[in-house]
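Residues per chain, in single letters:
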Amino acid sequence: MSSTESPRPVQKRLLTPGVGILLALIAVGFCVAVYRFIFGLAATTNLDQQHPWGLWIAIDVATGVALAAGGFTTAALVHVFHRESFHVVARPALLTAMLGYTFVGIGLMADLGRYYNIWHPAWPTMWQGNSVLFEVGMCVMCYLTVLYIEFLPIVCERFMEDERRPRLARTCRAVHRAVERTMFLFILAGVVLSCLHQSSLGNLMVIAPSKMHALWYTPILPLLFLLSAVAVGFPMVIVESLYASWSLGLEEELTLLRRLAKPASVLLGVYLAFKVGDLLVREGYRGVAGTTQALMFAIELVFGVAIPFVMLLTVNRRTSGRWLASAGLLVVLGVALNRVNVFLVAYQPPYSTKSYFPSTGEFAVTAGLIALLMLLYRVIVTHLPVISQPVGVPKT
Amino acid sequence: MQVEQLFMALDRREFLRTAATAGAVAVGLGGASQSVEGSVAQTNANSVGVLVDIPNCIGCRKCEFACGQAAGFDVPPIETFDDKSVFEAHRRPDPHSYTTVNRFANPDNPQKPVYVKANCLHCDVPACVSACLVGAFKKRPNGAVTYDAWKCMGCRYCMVACPFQIPTYEYDNALTPQVRKCTFCFDKIEAEGGVPACVRICPNDALVFGKRSELLALARDRIRTRSGAYVDHVYGEHEAGGTSWLYLSSVPFEQIGFVQLGSLVPPRLTESVQHGIFKFFVPPLALYGLLGLVMWLTRRDQDQQLLPVAAGADAIAMRDNGRTHAMECRGASEAPQAAPSACETEVSEVAR
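Just so it is clear, the model here is predicted, and its values are computed rather than measured. (Residues numbered from 1 in each chain as written. Chains lettered and ligands numbered in written order. Predicted model: local features only at pLDDT ≥ 70, side-chain atom pairs only at ≥ 80, totals over all residues.)

(A) Summary view of the overall build of chain A. Assigned secondary structure in chain A consists of 12 helices and two strands. Listed N to C, the secondary structure of chain A is β-α-α-α-α-α-α-α-α-α-α-α-α-β in terms of helices and strands. For 396 residues, the compact-globule estimate of 2.2 N^0.38 gives 21 Å, and the C-alpha radius of gyration of chain A, at 21 Å, lies within 12% of that figure. When burial is assessed residue by residue, chain A has 56% of its 396 residues classed as buried. Within chain A, contacts between residues separated by at least 24 positions form 81% of all contacts whose residues are at least 6 apart in sequence. (Helix = DSSP H or I, 4+ residues; strand = E, 2+ residues; numbered from the N terminus. Rg over C-alpha atoms; globule rule 2.2 N^0.38 Å. Buried ≥ 20, exposed ≤ 12 C-beta atoms within 10 Å, placed from the backbone. Contact = placed C-beta atoms within 7 Å.)

What follows is the structure, given as structure tokens:
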């Protein structure tokens, strides 16, 4: 064990049984995606005239954006509030955010009927400033660019000492210096852009008050989306860091992650207070007893917010990684369920004759995308300096 | 204890951001709602509409036939539209039929069922227009809400936004799917004396085409002069902020498949927040500046300042050539043998 830790590529064999499962999921998802692009949405999804949005919007896009919030919350913690001991988790969180947003784009392509027009919102003659989705789209595009810029130094560091390729090394050093000097501008932009589109994602459904179930429809839906995104940031970092350590056979960053539990519980508590307060003020619980919606809302609130809130509060010096990971995972799944609930379960069109449940194909594409994201994460941390490890060999 | 400081800092950030956003929304509300109201007044003055006198509809479905022809669909011969069996189930417009007639039971007279034609109502402040991020939907000066397929990305947010559940999608088209809905026969009504196909073919004066303001007066006149023949409500006068299509009924609207909406204008809900947050770009820039200020004020490592150095720092940062490297110095308490040099260097630097 050593005290000096700096980000380095993880020395780890790439092919493991776990990676094999990921590859299988990716292969199946890829085949279904190809089928979708050849035969269309009707052949692949259970979307219909009553339910225009399905699993791909709720999980691939909305949940993807929410779970990538660890990137901006960690960036704010380390670079804006200068809690620099958390630097260790900033890079993995940045990688997760970068991959997460990239996959939001890829997932969206599968869902868009005219995916080849995905660039239209960026074209000034087609700008439509009244549209909430325009704001989300523009912010996501800008933030994705910011994330790539923020990630650039990590790529440069890999090659800037490469003596076999002096020209590449020189270029990398120059780029690294330039980006690092202006990095604070991008860090701030990333935090602002995140706040804007995380909240706007919640604003999307505000336009359909008559179609939304009272348990979820509230004018403060944008605020709840922002609060939940901020609240899921640190738990996501905890989960991702622990699972990466376990999977790659590295030492857990337990001391640091335990310290993240306190702010995570406070942020989750704020979200819980707003969510419950809003429900009580609006009396959205009236006449919902016994419905599917009531059950889904209860699961979301109890298992996704309240229980992990208490679990995080109990974290102390001796808390195990398993406890931390469980609490974090509950928050992550809770926010994912919230997005599913808001975009799918709460959506009740006036002339609905059936309900929507995703097709096998939709699940396959979503699972494939998540598997591909995890695989890319693994490939990148074994090639680029992302994860901080003690100098020397990894834990055996 | 450092964690308390940490979450105080987070709390402060949270509070400031919420306050900034809330303030911005409040400031923006005035301007945004003004612009929405302005557009209502403007379209109302010049726009056309259709008055549907529901008791006059005999359920002949000729409008379905004429609509299909006008839209260029492959429609079966007109005789096939006499088939009454389709009324067994309620049908909604779909990509191949912009309008459908449905039958409802008449509580006043079981012998005379009520037939209701469904199609796009062409809202005065359309939610689809507000929702569309590329401006593929447009509210035309004559009142029609039209769609440009070439701009469309196929995100289907218009379908989510529409309170009347009108836009439909060509899910089975893999390459060039379109959102499909009633066009108000835009090209026809733009021409002098032009009338939508459904209005032209209607044999029983169930559909009246004209200036919306005049149709509204006509509707009120019918309610007044034929007392008892209609419920005292013109559907579409205020619903969702007003629609180009207006409806008169002898049966309460909620009994014949009309959505109960009230005068709430859906786009106003989102646009007030949207324009509030982006009012002259002040709120985003203010947040940017505020965070920048925090960044500058806390530019020295907060963990170093807060940690009691002697008690065994568990986190120390080291700066080398402009780049910040953080290191976990678990060493002090957990592994005394571990590389003491780096920790000690830092500790002494902090302690100076």
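(B) Region of the structure containing the overall build of chain B. Within chain B, the regular secondary structure consists of 12 helices and 11 strands. Here chain B holds 352 residues, and the buried ones make up 45% of them. A fraction of 61% describes how many contacts in chain B between residues 6 or more apart in sequence connect residues 24 or more apart.

(C) View of the environment of P107 of chain B. Topologically, P107 of chain B is positioned in the loop between β2 (100-104) and β3 (114-118). Beyond its immediate stretch of four places on either side in the chain, P107 of chain B contacts V251 and Q255 of chain B.

(D) Layout of unusual backbone geometry. At H82 of chain A, a residue that is not glycine, the phi angle is positive and equals roughly 55°. Mapping H82 of chain A onto the fold places it in the loop between α4 (69-80) and α5 (87-111). By C-beta crowding, H82 of chain A is classed as buried, having 23 other C-beta atoms within 10 Å. At H122 of chain B, a position not held by glycine, the phi torsion is positive, near 50°. Following the sequence through the fold, H122 of chain B ends up in the loop between β3 and α3 (127-131). The exposure class assigned to H122 of chain B is buried, which follows from the 29 C-beta atoms found within 10 Å.

(E) Examining the sheet that holds strand β9 (residues 245-248) of chain B more closely. Residues and elements named next belong to chain B. Here we have three strands laid out as an open sheet, ordered β8-β1-β9, and mixed in their pairing. The sheet is open, and its two edges are formed by β8 (207-211) and β9, each paired on a single side. Between one strand axis and the next, the sheet turns through 25° on average, direction left out of account. Here helix α7 (residues 212-225) sits on the sheet and contacts β1 (48-53), β8 and β9; the angle it forms with β8, its principal contact strand, is near 130°. (Pairing = 2+ DSSP bridges. Axes fitted to C-alpha atoms, helices over the stretch in contact; angles between N-to-C directions.)

(F) Representation of α7 of chain B. Residue and element names in this part refer to chain B. Along its 14 residues, α7 runs 20 Å from first to last C-alpha, staying within 8% of the 20 Å computed at 1.5 Å per residue. Among all positions of α7, only R212, L215 and A219 are buried. Buried positions in α7, seen along its axis, are confined to an arc of 55° and lie on one side of it. Projecting away from the buried face of α7 at angles above 90 degrees are the exposed residues A217, D221, R224 and T225. (Expected span 1.5 Å × (residues − 1). Arc of directions from axis to C-beta.)

(G) The arrangement of the packing of helix α8 (residues 221-248) of chain A against helix α9 (residues 254-282) of chain A in detail. Residue and element names in this part refer to chain A. Where α8 meets α9, the closest approach of the two axes is 9 Å, and the angle between their N-to-C directions is 155°. By the angle class used here, α8 and α9 are roughly antiparallel. Crossing of α8 against α9: the hand is left-handed. Two secondary-structure elements touch here, α8 through L223, L224, L227, S228, V230, A231, F234, P235, V237, I238, S241 and L242 and α9 through L257, L260, P263, A264, L267, L268, V270, Y271, F274, K275 and D278. Taken together, the residues of the contact of α8 with α9 break down into 19 nonpolar, two polar and two charged. (Parallel < 35°, antiparallel > 145°, perpendicular 65-115°, else oblique. Left-handed = near helix turned anticlockwise from the far one by under 90°. Nonpolar A, V, L, I, M, F, W, Y, C, P; charged D, E, K, R; others polar.)

(H) Representation of the packing of helix α7 (residues 166-203) of chain A against α8 of chain A. Residues and elements named next belong to chain A. Close contact between α7 and α8 brings their axes to 7 Å; oriented N to C, the two are set at 130°. Here α7 is positioned oblique relative to α8, judged by the angle of their axes. The element α7 and its partner α8 pack so that their crossing is right-handed. Listed contacts from α8 to C195, Q198, S199, S200, L201, G202 and N203 of α7 are L221, P222, L223, L224, F225, L226 and A229. For the contact of α7 with α8, the per-class residue count stands at nine nonpolar, five polar and no charged.

(I) The arrangement of the confidence of the model for chain B in detail. Residues and elements named next belong to chain B. Per-chain confidence: chain B averages 80 in pLDDT, with 74% of residues scoring 70 or above. In this model, residues 1-39 is a region of pLDDT below 50 whose contacts with residues beyond four sequence positions or in other chains number 54 contacts. Note that pLDDT drops below 50 for residues 307-352; the model gives that stretch 79 contacts with residues more than four away or on any other chain. Among the scores for the predicted complex, ipTM is 0.93 and pTM is 0.86. (pLDDT = per-residue confidence, 0-100.)

(J) Here's a closer look at the environment of F309 of chain A. Residue position: F309 of chain A is located in helix α10 (residues 292-313). Not counting chain neighbours up to four residues away, the residues in contact with F309 of chain A comprise S265, L268, G269 and L272 of chain A.

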